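This is what each chain is made of:
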Amino acid sequence: MDTRTVTPAAARRRFRDGLVTPTSGWSAGYTQANLIALPRELAFDFLLFAQRNPKPCPVLEVLEPGQVRGGIFAADDADVRTDAPAYRVFRGGELVDEIADARAAWRDDLVAFLLGCSFSFEHPLVDNGVPVRHITAGRNVPMYTTTIACRPAGRLSGNLVVSLRMIPAAQVADAVRISSRYPAVHGAPVHIGDPAALGISDLQNPDFGDPPVSEDGDVPVFWACGVTPQAMVMQSRPELAITHAPGHMLITDQQDRSYQVP
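Residues numbered from 1 in each chain as written. Predicted model: local features only at pLDDT ≥ 70, side-chain atom pairs only at ≥ 80, totals over all residues. Heavy atoms only, no water.

Caption draft 1: Representation of the nonpolar core. By size, the foremost hydrophobic cluster in this structure holds 28 residues, and its most contacted members are Ile36, Phe46, Phe49 and Phe222. For this core, the elements supplying multiple residues, two or more each, are strand S1 (30-39), helix H2 (40-52), strand S5 (110-116), strand S7 (159-168), strand S9 (218-224) and helix H6 (228-236). Tallying contributions element by element places H2 first for this core, with five residues. Once you skip the residues sitting within four places of it in the chain, Ile36 turns out to touch Phe46, Val111, Ala112, Phe113, Leu115, Pro229, Met232, Val233, Ile242 and Thr243. Within the second largest apolar cluster, 26 residues are counted, among which are Val68, Ile99, Trp106 and Tyr259. (Core = buried A, V, L, I, M, F, W, Y, C linked by side-chain atoms within 4.5 Å. Buried < 20%, exposed > 50% of the residue type's maximum accessible area, 1.4 Å probe, protein only. Helix = DSSP H or I, 4+ residues; strand = E, 2+ residues; numbered from the N terminus. Contact = heavy atoms within 4.5 Å.)

Caption draft 2: The environment of Ser163, seen in detail. Its place among the elements puts Ser163 in strand S7. The sequence separation of Ser163 and Val190 amounts to 27 residues, and the corresponding C-alpha distance is 9.9 Å. Apart from residues lying up to four places away in sequence, Ser163 is in contact with Ser118, Val141, Pro142, Met143, Val221, Phe222, Trp223, Ala224 and Cys225. Of the polar contacts made by the side chain of Ser163, one reaches the side chain of Arg165; its length is 2.9 Å. (Polar contact = N/O pair within 3.5 Å; in protein donor to acceptor, adjacent residues only side chain to side chain.)

Caption draft 3: Seen up close, the pattern of salt bridges. The final tally for this structure, using the stated rule, is 16 salt bridges. Residue Arg12 is joined to Asp83 by a salt bridge in which the shortest nitrogen-to-oxygen separation is 3.9 Å. Of this pair, Arg12 sits in helix H1 (residues 8-16) while Asp83 is found in the loop between strand S2 (59-62) and strand S3 (87-91), placing the two residues 71 residues apart along the sequence. In terms of burial, Arg12 and Asp83 fall into one category: buried. The salt bridge partner of Arg237 is Glu94, with a shortest N-O separation of 2.8 Å. Taken together, the residues Arg237 in the loop between H6 and strand S10 (240-244) and Glu94 in strand S4 (residues 94-99) connect sequence positions 143 residues apart. Since its relative accessible area comes to 47%, Arg237 is described here as partly exposed. Owing to a relative accessible area of 42%, Glu94 belongs among the partly exposed residues under this scheme. One connected set of salt bridges, linked through shared partners, spans Arg12, Arg16, Asp77, Asp83 and Asp253. (Salt bridge = Lys/Arg side-chain N within 4 Å of Asp/Glu carboxyl O.)

Next comes the structure, spelled out in structure tokens:
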């Protein structure tokens, strides 16, 4: 199956029916979104956290308390609780479950935030000849918690999480140029080169996702990552949080080109 050509609606049906798989490389041209749902009493704090940390937390949509579809995720059959391949449930900051259907854990007071995802600019990278090696290898993207603190907001704080793509040295400038045209889905990289500058000691042991795939002459390139809110949850310990599982995104009907800038 060529996952690039699967429509968002068909992808969501597959995930709703139980397919669990990373979504990198799926539904070319359509925006993928990170999910975090928090109790209403923390919604303003998170909105402020996202406003203060726009690179890892670019807000695409905020739903009303208890709402499960709307805005960029408004198809008649869409449901943020079922349409990602996998979800994580945190209680008091502890990961207590990873599930394919979040309805049993959902509450009517939860506010769902949809955040931009770097998977959205991977298709333009590939289309312009820049290899995205984890897609070719059929792996999840590697993600790392850094030692760089995000700006706190209210009761919420945590460190930046980054995703890694190994890019041929001669194409790093292309990767920067192409991704920078999509600021709503993390935009340009936050770091190129030495992972120690981010506090990452071992690239082969990511905190989330799979180990990186590299070839001779590749350079590590790091982008801000929408898993940052999960690191925030683990540090701030809210009563309840429901998120997508890292790399297992919501695929919306919104087209990537709507977020592209000149």
